[in-house]
Amino acid sequence: MRTGYGVETVRAAERALMARLPEGALMRRAAAGLAAACGQLLGRTYGSRVVLLVGSGDNGGDALYAGARLARRGAGVTAVLLTPERAHEGGLAALRAAGGRVRVAPGAVVEGVAEPVGDLIARADLVVDGIVGIGGKGGLRPAAVELADLVRDAGVPVVAVDLPSGVDADTGEVPGSALPAEATVTFGAYKPGLLIDPAREHAGAVRLIDIGLGPHLPGTPDVEALQHADAARLLPRPKAESDKYRRGVVGVVAGSGRYPGAAVLAVSGALRSGAGAVRYVGPGAEAVIARYPETLVSEGPPGHAGRVQAWAVGPGLGDEPAARQAVDEVVASEVPLLVDADGLRLMDLEAVRARTAPTLLTPHAGEAAALLGVAREQVEAGRLTAVRDLAERTGATVLLKGSTTLIAEPTAPGAAPAPVRVNATGTGWLATAGSGDVLTGLAGGLLAAGLSARDAASAAAYLHGLAGRLAPDPPSAMDVSAALATAWQDVLRGD
C-alpha cells in the first residue's frame, strides 16, 4: 500500500527524528537522495548544467546541498535565489565551497557574472525546483511565477524537491500558478497532493526517498493507494465447494428504451466481477440477453426478480416514473447497494441516510457537485474535500470518479476518519461514454461477492483503470469491459 501523510503529521515525524540525529543529518540524507535522482535523470553528471531555483526554508536547503554534491561530481551548478536574505546558510556555503555559482532572481548580477537568468535557464540541462516547501499555500508569488515562466518557455526538465512549487501538499489543489515537474523527489512519506489530481499531474514521476521517518509516522495515513498485491488480496476467488449462489448474485437495474446500451454495459461489468450470477431488471432485457445469454433477466420490478446479495442501480434509467420507483425499491432493500448516474438524481437522500446495509455512491464531478449544491469546478479543484464532504453528508461510501478516483467513508461517531483511498491506474482514454456503466456493474458484483463498500470500490476502480490501459487506444466501453479479464489475471499474477 502506498500511504500519504499530511504536512503537520510529516513535520511532527521530522521533529521526532531530528531530536535523535546530529544537527543537519536529516537534510543531508534528503539532499543525498535528491542528488542521486538528479544524476540518474541527467545520465551524465560531469559537464552537465544544473540550475537550482531556491526559496527560503528547508526545500531550498535541500536543493543547495544536492547542488553541492552535483558540483563536486563535475556539474556546473548555479543557484538562483528568490530571497537571498533568507537562503539556507549552510546549504549556500556548501554550494560555494563545491564551486557552484549564485544569482539573485530575477536577474541581478552576483559574483561578477552578468548572464541573464533567462539565458542561464535556457542553457540548463536540468532545473531543480526548490522554491516552495510542503507548507506553501496559495500558488506561486510573482517573482516565482516569472521564474516558472522562464522554465516553461525554455522547455528544460524540472525536478521538484519534495513537491512541485505552487501545489497544496495536503489536498492536491492547485490554487494559482504552479511549476509542473517531470519528476518529483519526495522525502520520508508521500504527501496527499502527490497522489491526487490536479496536483498529481504537476508532479510527474514520483520517487520516494527513505530518510527514516517510518517509525515516527502514525499507523493510519491520511490517504492510501492500492498496489497490485493489495488489489489481489481483495479480489474474490471461488473455493472448491462454491456454487453460483455462494459466489454472490448481483442485481443490475439499468437502461431504458432510450439508453438500452447502459444495461448491456453495466451487465458486462457485473459478469466480470467475480460474482456467481447477474440478475438484470429493466426494459433492456432483450438487448442484454442477446449479448449475454447467461444473464437472468426480468422486466421488473426489482422485488420480483429473485434473491440478490447486492443491487447496482442507475445507469441509463432516464426519467420515467418506473425508474424512480425502481430506485426507491432498491434503496429500501436490506442488501448492499451501489447507486450511480441517473440513480443519484432519482434517489431520496433521506432514505439513503437511513439505510443500515452498506451503500456505495459513484458520482462523477458534476453529479457530486449537484449532490453537494456547489459548482462542478469547485469539486474538480478540491477533489479530496469534495469526496470527504459527500461521504459525511450522505452517510455512504463515495467513489468520486476522475483522473484519480477517490474513495471516502463516513466517519463513525467517536472514530478516527478512515484514510481516503486513491486510485491512479486509470487513463484519460476511460473518459468515454459507457465506461462508468462498466464500473458500476463491476463494483456492484464485488459487493455481491462479499466485499465491503470501501473494498469493492477500491478493487473495482483499480481493475477498471488497469483495463483502460490494457484495452486498445482509443478504447470503447466494451473494449474496457473485455480487458477486465486480462486485468484480473495481471493482478492475481502480480504483473
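Because the structure is a prediction, the values reported are computed rather than measured.

Visitor: I'd like to hear about the overall build of the chain, residue by residue, with values.
Guide: On a plain count of helices and strands, the chain comes out with 19 helices and 18 strands. In terms of overall size, the chain behaves like a compact globule, its C-alpha atoms giving a radius of gyration of 26 Å where 495 residues would be expected to give roughly 23 Å. Dimensions along the principal axes, computed over C-alpha positions, put the chain at roughly 85 × 45 × 45 Å. Evaluated residue by residue, the chain yields a buried proportion of 56% over its 495 residues. Looking at the chain alone, contacts between residues at least 24 apart form 67% of all its contacts between residues at least 6 apart. Looking at charge distribution, the chain has the averaged site of its 46 positive side-chain charges lying 6 Å from that of its 52 negative ones.

Visitor: Describe helix H3 (residues 58-72), and please don't skip the residues or the numbers.
Guide: Relative to the 21 Å expected for 15 residues at 1.5 Å per residue, H3 spans 21 Å between its end C-alpha atoms, a close match to the ideal helical length. Every buried residue of H3 is accounted for by Asn-59, Gly-60, Gly-61, Asp-62, Ala-63, Leu-64, Ala-66, Gly-67, Ala-68, Leu-70 and Ala-71. Gly-74 sits one or two positions beyond H3 and adopts a positive phi of about 105°.

Visitor: Provide a residue-level description of the pattern of salt bridges, including the pertinent values.
Guide: Summed over the entire model, instances satisfying the criterion amount to 17 salt bridges. Residue Arg-200 is joined to Asp-197 by a salt bridge in which the shortest nitrogen-to-oxygen separation is 3.2 Å. Connected through shared salt-bridge partners, Glu-224, Glu-409, Arg-421, Arg-454 and Asp-455 make up one network.

Visitor: Give a description of the packing of helix H2 (residues 25-42) against H3 that names residues and reports values.
Guide: Between H2 and H3, whose axes approach to 8 Å, the crossing angle comes to 55°. Of the possible angle classes, the one that applies to H2 and H3 is oblique. Here the hand of the crossing between H2 and H3 comes out right-handed. Across the interface between the two elements, Met-27, Arg-28, Ala-30, Ala-31, Ala-32, Leu-34, Ala-35, Cys-38 and Gly-39 from H2 touch Asp-58, Gly-61, Asp-62, Ala-63, Tyr-65, Ala-66, Arg-69 and Leu-70 from H3.

Visitor: I'd like a rundown of the pairing of strand S11 (residues 277-281), residues and numbers included.
Guide: For S11, a buried count of 5 out of 5 residues is recorded, marking the element as mostly surrounded by other parts of the structure. By the alternation rule, side chains of S11 split into Ala-277, Arg-279 and Val-281 and Val-278 and Tyr-280, which are all buried. For strand S10 (residues 249-253) and S11, the ladder comprises 5 bridges, and the chain directions are parallel. Directly across from Gly-251, in S11, lies its bridge partner Arg-279. A crossover connection joins S10 to the parallel S11 through helix H9 (residues 260-271); in handedness this β-α-β unit is right-handed. Across 3 bridges, S11 lies against strand S12 (residues 296-298) in parallel orientation.

Basis of the calculations
The residue numbering used here restarts from 1 in each chain and proceeds along that chain's sequence as written. A pLDDT threshold of at least 70 governs which residues receive local features in this predicted model, and a stricter bar of 80 or more applies before side-chain atom pairs are shown or counted, although totals over entire chains, interfaces and linings include all residues. No hydrogens and no water enter the side-chain calculation; it runs on all heavy atoms of the structure. Strands are runs of DSSP state E lasting at least two residues, helices are runs of H or I lasting at least four, and both sets are numbered from the N terminus onward. Computation of the radius of gyration draws on C-alpha atoms, with the globule rule given as 2.2 Å multiplied by the number of residues to the power 0.38. Only protein chains enter the area calculation, which uses a 1.4 Å probe; residues under 20% of their type maximum are buried, those over 50% are exposed, and those in between are partly exposed. Contact definition: two residues touch when any of their heavy atoms are within 4.5 Å. Residues scored as positive are Lys and Arg, those scored as negative are Asp and Glu, and His as well as the terminal groups of each chain are ignored. By convention, charge coordinates are those of NZ in Lys, CZ in Arg, CG in Asp, or CD in Glu. Between the first and last residue of a helix there are one fewer steps than residues, each counted as 1.5 Å, and that sum is the expected span. By convention in these notes, a salt bridge is any Lys or Arg side-chain nitrogen within 4 Å of a carboxyl oxygen on Asp or Glu. In this analysis an axis means a line fitted to C-alpha atoms, helices contributing only their contacting stretch, and an angle means the value between N-to-C directions, from 0 to 180 degrees. Should an angle fall under 35 degrees it is taken as roughly parallel, and over 145 as roughly antiparallel, whereas 65 to 115 is taken as roughly perpendicular and any remaining angle as oblique. Helix crossings get a hand from a simple test, with the near helix turned counterclockwise from the far one by less than a right angle marking a left-handed crossing and a clockwise turn marking a right-handed one. For two strands to be treated as a pair, DSSP must find at least two bridges joining them. Here, the term right-handed applies to a crossover whose path from the first strand over the helix to the second runs clockwise when the strands point away from the viewer.

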